[in-house]
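Residues per chain are reported as follows:
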Amino acid sequence: MIKKITQKDINDAVWKACDTFRGSIDPSVYKDYVLTMLFIKYLSDVHDDKYETYLAKYSGDHERAKRAMQHERFVVPDHSHFKYLYEHRNEANIGELINIALTDLEEANREKLYSEDGAGIFQNIDFNSSKLGEPKDKNTRLKNLLLDFNKEALDLRPSHLDVVDIIGGAYMFLIENFASDAGKKAGEFFTPKEVSTLIAKLTKSKPGSRICDPTCGSASLLIKAGEEVGTDNFSLYGQEANGSTWALAVMNMFLHGFDNATIRWGDTIRNPKLKEGDMLMKFDTVVANPPFSLDKWGKSDDKEENKASDSFDPETDKYNRFWRGTPPKSKGDWAFISHMIETLNEHGRAGVVVPHGVLFRGSSEGRIRQRTIEENLLEADWFTRQPVFGTGIPAAILIFNKQKSTTTSCSLMPASTTKAPKPKQARAGDIEHIVNTYSDLTSGKLKPGVVEDKFSYVATAAEIQENDFNLNIPRYVDTFEEEAEVDIKAVQMEINQLEEELKYVQGEICNILISLGV
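Calculation criteria
Residues numbered from 1 in each chain as written. Predicted model: local features only at pLDDT ≥ 70, side-chain atom pairs only at ≥ 80, totals over all residues. Heavy atoms only, no water. Core = buried A, V, L, I, M, F, W, Y, C linked by side-chain atoms within 4.5 Å. Buried < 20%, exposed > 50% of the residue type's maximum accessible area, 1.4 Å probe, protein only. Helix = DSSP H or I, 4+ residues; strand = E, 2+ residues; numbered from the N terminus. Contact = heavy atoms within 4.5 Å. Expected span 1.5 Å × (residues − 1). Salt bridge = Lys/Arg side-chain N within 4 Å of Asp/Glu carboxyl O. Patch = residues over 30% accessible without salt bridge, like charges linked within 9 Å, V, L, I, M, F, W, Y side chains within 5 Å. Areas by Shrake-Rupley, 256 points an atom, 1.4 Å probe, with all protein chains shown as cover. Phe/Tyr/Trp six-rings, centres within 6.5 Å; stacked < 30°, edge-to-face > 60°. Polar contact = N/O pair within 3.5 Å; in protein donor to acceptor, adjacent residues only side chain to side chain.

Student: Explanation requested: the nonpolar core in the structure shown.
Tutor: As a rule of thumb, nonpolar side chains are buried together in soluble globular proteins. If you look at the biggest cluster of nonpolar residues, it comprises 92 residues, and the most contacted ones within it are Ile10, Phe39 and Phe149. Counting residues per element, this core draws most heavily on helix 2 (residues 27-57), which supplies ten residues. Once residues within four sequence positions are removed from consideration, phenylalanine 39 is found in contact with Phe74, Leu113, Ile121, Phe122, Met251, Phe254 and Leu255. Of all hydrophobic cores here, the second largest spans 32 residues; its members include Leu344, Leu377, Ala459 and Ile473.

Below, the structure written as structure tokens:
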């Protein structure tokens, strides 16, 4: 009996494969190589599993089996197969061979692996790049990468796996760990799973929903929002500006079995691509973790650019997304929020992660915030003291609802007062607490005022107006926490002990110096 490979087996094996690059190449760079190799290995192993099934079905007739394989989910040309690359791992041009394998894999699966604009998902990755080092070092790294993926623990044939979604789980495991290593660059491609879970639950979609993430990164948040539906009856849409990250999102969808997802490559603000005819596509649910306070998100001061036929001016946006006002050039937060709101259908709901300043900054942002509140769209605001991955910036999660149950503009503002063990990490109990409170709000169970001391508050439209539409949490929720009492005697005893240890160490150092004749 074949021993089934578990999620832990695969996670450990793929993370071990990263040792090939650690210490010499930045994680934000080498993640693309590891994740792409995982995708190739997955397609190759599934191909082999299917081929063996057809051989058994057709009594060993290879020609019939090959013909049947042409109708499978993916076509894998012989020289695009992982085994071919592994067998040629010692070739001096192995990087070039991998590039050819990727190009031909794209061509053989053009409908799946090319965007509507004609861009292949592998066009932004180069296994023959100098990023991988000098030729000798590069070849050694690629050889080791192929050796690591050839191990038994990375036999990804479905018949050998413990559960069906292991590959998608391994992919997400890698992305999350790359994000931890990548520091500030992590926010470009990953939303922490605790945040994704919270937003997915707060915006929980009904069966049949269209779900969109206009700044989808590697699609972790979008996938979580889909999984929260509880059935397979939903459709996923996303757009991502970074070409390499867009490719990761497309692969992520296939590895999770969402073959019909639509993921477009392009700048959502300057060039939204999720459209129906000349109009923006409308969605039941929109979720996003857009780049924080993006500079130069819209109108350019470059006169030459403004002469171009494709130059973008938010004040004359043909989709009229910024009719509430134009956000400042140096902070694009409300630009993304405005886009999200305008792509909601008549009963849609949106959840977005934003920097804390979105709640209270004035000028044009204040006017947009005021108009949004006056429209009775803002339904909930959850603030965390912990910073978002790598940014060091406290964040808020805003929920907008086109079909609020209340006729007045009420805003729930739960405040995170517990210090989580890691930045932006919410515990399961915290998430459940927030979701339950939000559920009570939307069902009309909560009355204006304090709902729970130091945690949540329901503010009326009149109260928010009195505060000049400032949503800064301390205006509504008492977040003050008394400092724990300091045991002076215990502290003094610790100081005395440390001083004694210091004297001992200094004496030892002095003795060593004397013995050395210094």
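Text resumes after the structure shown.
Student: Help me out: how do you make sense of helix 17 (residues 488-515) in this one?
Tutor: The terminal C-alpha atoms of helix 17 lie 41 Å apart, and with 28 residues this matches the ideal 40 Å at 1.5 Å per residue to within 8%. Phi turns positive, to about 75°, at glycine 517, one or two residues after helix 17.

Student: Teacher, can you tell me more about the pattern of salt bridges here?
Tutor: A pair can form between side chains of opposite charge whenever their charged atoms are brought close. Applying the stated rule across the entire model yields 26 salt bridges. A salt bridge links aspartate 32 to lysine 31; its shortest N-O distance comes to 3.2 Å. As far as burial versus exposure is concerned, aspartate 32 and lysine 31 are alike and both buried. Close ionic contact of lysine 201 with glutamate 228 constitutes a salt bridge, the shortest N to O distance being 3.4 Å. Linking lysine 201 in helix 9 (residues 193-202) with glutamate 228 in the loop between helix 10 (220-227) and strand 2 (234-240), this pair joins segments that are 27 residues apart in sequence. Exposure remark for lysine 201: the relative accessible area of 33% places this residue in the partly exposed category. Through salt bridges with shared partners, one network takes in Glu116, Asp117, Arg264 and Lys273.

Student: Got a minute to help me understand a nonpolar patch on the surface in this structure?
Tutor: Judged by side-chain polarity, Tyr504, Val505, Ile509, Ile512, Leu513, Leu516 and Val518 come together as a nonpolar surface patch covering roughly 730 Å² of accessible area. Mapped onto the secondary structure, isoleucine 509 falls in helix 17.

Student: Help me understand the packing of aromatic side chains in this model?
Tutor: Each pair of aromatic rings is reported with the distance of its centres and the angle of its planes. Going through the model one piece at a time under the given rule, you end up with 15 aromatic pairs. Pairing tyrosine 457 with tyrosine 476 gives two aromatic rings, centres 6.0 Å apart and planes at 55°, and the pair type is tilted. You can see tyrosine 457 sitting in strand 12 (residues 456-459) and its partner tyrosine 476 sitting in the loop between helix 16 (461-466) and helix 17, a full 19 residues away along the chain. Of the two residues, tyrosine 457 and tyrosine 476, both sit in the buried class. Through successive ring pairs, a cluster of aromatic residues spans Phe21, Tyr30, Tyr33 and Phe127.

Student: What is the right way to read the side chain of serine 338 from this model?
Tutor: Its place among the elements puts serine 338 in helix 13 (residues 333-342). The exposure class of serine 338 is buried, given its relative accessible area of 2%. From its side chain, serine 338 meets the backbone oxygen of tryptophan 334 in a polar contact 2.6 Å long. Ignoring sequence-local partners within four residues, the contact set of serine 338 consists of Arg321, Phe322 and Ile368.

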